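Observations on the model geometry
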Amino acid sequence: MKYGIFSDIHGNLEALEAVLAAMESHGVERRVCLGDVVGYGPNPNECVDLVRQNADITILGNHDSVALGWEASENFNFYARRAIEWTRDNLTAESKEFLKSLRYMECENDLCFVHASPHSPADWYYITDLEDAADSFSFFKERICFIGHTHFPVIVVRESEQAFRICDTYSYTPQPGERLLVNDGSVGQPRDRNPMASFALCDSETGAIEIHRVPYSVETTQEKMRALDFADFLITRLAEGR
Ligand code: ZN
């Protein structure tokens, strides 16, 4: 089964449309959204609609949770908080209903899907180095776990109980016995200095992973944000991928 895994859309409709089209052209059979559909961007309801129509599985993200009022925005920085408050005020009842239906973690076909970390998914831990990544392998039993949350695409390989490494490429096929932790990057707000939208492909039989980047009209999204009087920092970062 060919999976397309994407996350951290953050209300960026143009980036989401580009990723959905790219997955279509790659012959993706099953689409999984790892959450953070809203927050930061100008089109939260449109993104929720597209995800609801296109994703076979959708996982809850921390921004989705805050937008629902399930937890406070006190851990967010100034810009994130302002954006999530705007999002909360502008989400339709229908969008909220969909976000409320989402789960923290789902697994199938030896693949595990979670927004932040398989260790206590509702605590939204950030996996930012090899040590955190290595620890996380004890919290899922499947061959591959997909995460988002940091907006940095990366493939981590568990070669054995003691040996872990970060892949220096964005495609990898696991050897027998190896397990992977894969961050799919961000659709709507990449932070690895590459402004193109990110998503992952996975063949569930071989475990082969490919992380892809697709261009989209950043200017269109930026114009919408300017018209809504969003913070300059949030507008400029999209073009810089940070
Ligand atoms: Zn995010």
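Residues numbered from 1 in each chain as written. Predicted model: local features only at pLDDT ≥ 70, side-chain atom pairs only at ≥ 80, totals over all residues. Heavy atoms only, no water.

1. Digging into helix 8 (residues 232-240)
For an α-helix, 3.6 residues make a turn, and residues three or four places apart therefore share a direction. Regarding helix 8, the residues found buried are Leu234, Ile235, Arg237 and Leu238. On an axial view of helix 8, the arc spanned by its buried residues comes to 165 degrees, and they lie on one face. Those residues of helix 8 hidden inside the fold are in contact with helix 4 (78-90) and helix 7 (218-227). Of the residues trailing helix 8, Gly241 is marked for its positive phi of about 65 degrees. (Buried < 20%, exposed > 50% of the residue type's maximum accessible area, 1.4 Å probe, protein only. Helix = DSSP H or I, 4+ residues; strand = E, 2+ residues; numbered from the N terminus. Arc of directions from axis to C-beta. Contact = heavy atoms within 4.5 Å.)

2. Points about the environment of Ala22
Of note, Ala22 is situated in helix 1 (residues 13-25). Between the alpha carbons of Ala22 and Glu97 there is a distance of 28 Å; along the sequence they are 75 residues apart. Beyond its immediate stretch of four places on either side in the chain, Ala22 contacts Phe199 and Val214.

3. Some points on the sheet that holds strand 10 (residues 179-183)
The sheet built from 6 strands is open, its strands ordered 4-5-6-10-7-8 with mixed pairing. Both outer strands of the open sheet, strand 4 (105-108) and strand 8 (164-166), are each paired with one neighbouring strand and no more. Each strand axis lies, on average, 15 degrees off the axis of its neighbour in the sheet, ignoring direction. The pairing of strand 4 with strand 5 (residues 111-114) spans 4 bridges and is classified as antiparallel. Paired with Cys107 across the strands is Cys112, a residue of strand 5. (Pairing = 2+ DSSP bridges. Axes fitted to C-alpha atoms, helices over the stretch in contact; angles between N-to-C directions.)

4. With respect to the environment of Tyr126
For Tyr126, the location among the structural elements is in the loop between strand 5 and helix 6 (130-136). Expressed as a C-alpha distance, the spacing of Tyr126 and His149, which sit 23 residues apart in the sequence, is 7.1 Å. Excluding anything up to four places from it in sequence, Tyr126 contacts Asn62, Asp132, His149 and Thr150.

5. Regarding the pattern of salt bridges
Pairs may arise between side chains of opposite charge once their charged atoms sit close together. Enumeration according to the criterion identifies 11 salt bridges in this entry. Here Lys141 and Glu142 are joined by a salt bridge, their closest N and O atoms 3.1 Å apart. Among the residues examined, Glu142 registers a relative accessible area of 8% and is labelled buried. Between Glu159 and Arg165 there is a salt bridge, with its nearest N and O atoms 2.6 Å apart. The exposure class assigned to Glu159 is partly exposed, which follows from its relative accessible area of 36%. (Salt bridge = Lys/Arg side-chain N within 4 Å of Asp/Glu carboxyl O.)

6. Describing the packing of aromatic side chains
For the structure shown, the criterion picks out 8 aromatic pairs. Here the aromatic rings of Tyr79 and Phe233 are separated by 4.8 Å at their centres, their planes lie at 40 degrees, and the arrangement is tilted. With Tyr79 in helix 4 and Phe233 in helix 8, this pair connects stretches of sequence that are 154 residues apart. The class for Phe233 is partly exposed, based on a relative accessible area of 25%. Grouping aromatic residues by their ring pairs yields a cluster made of Tyr3, Phe113 and Phe146. The ring centre of Phe140 lies 4.6 Å from the NZ or CZ of Arg179, which sits over that ring. The ring of Tyr40 carries Arg237 above its face, with NZ or CZ at 5.8 Å from the centroid. (Phe/Tyr/Trp six-rings, centres within 6.5 Å; stacked < 30°, edge-to-face > 60°. Lys NZ or Arg CZ within 6 Å of the ring centre and 35° of its normal.)

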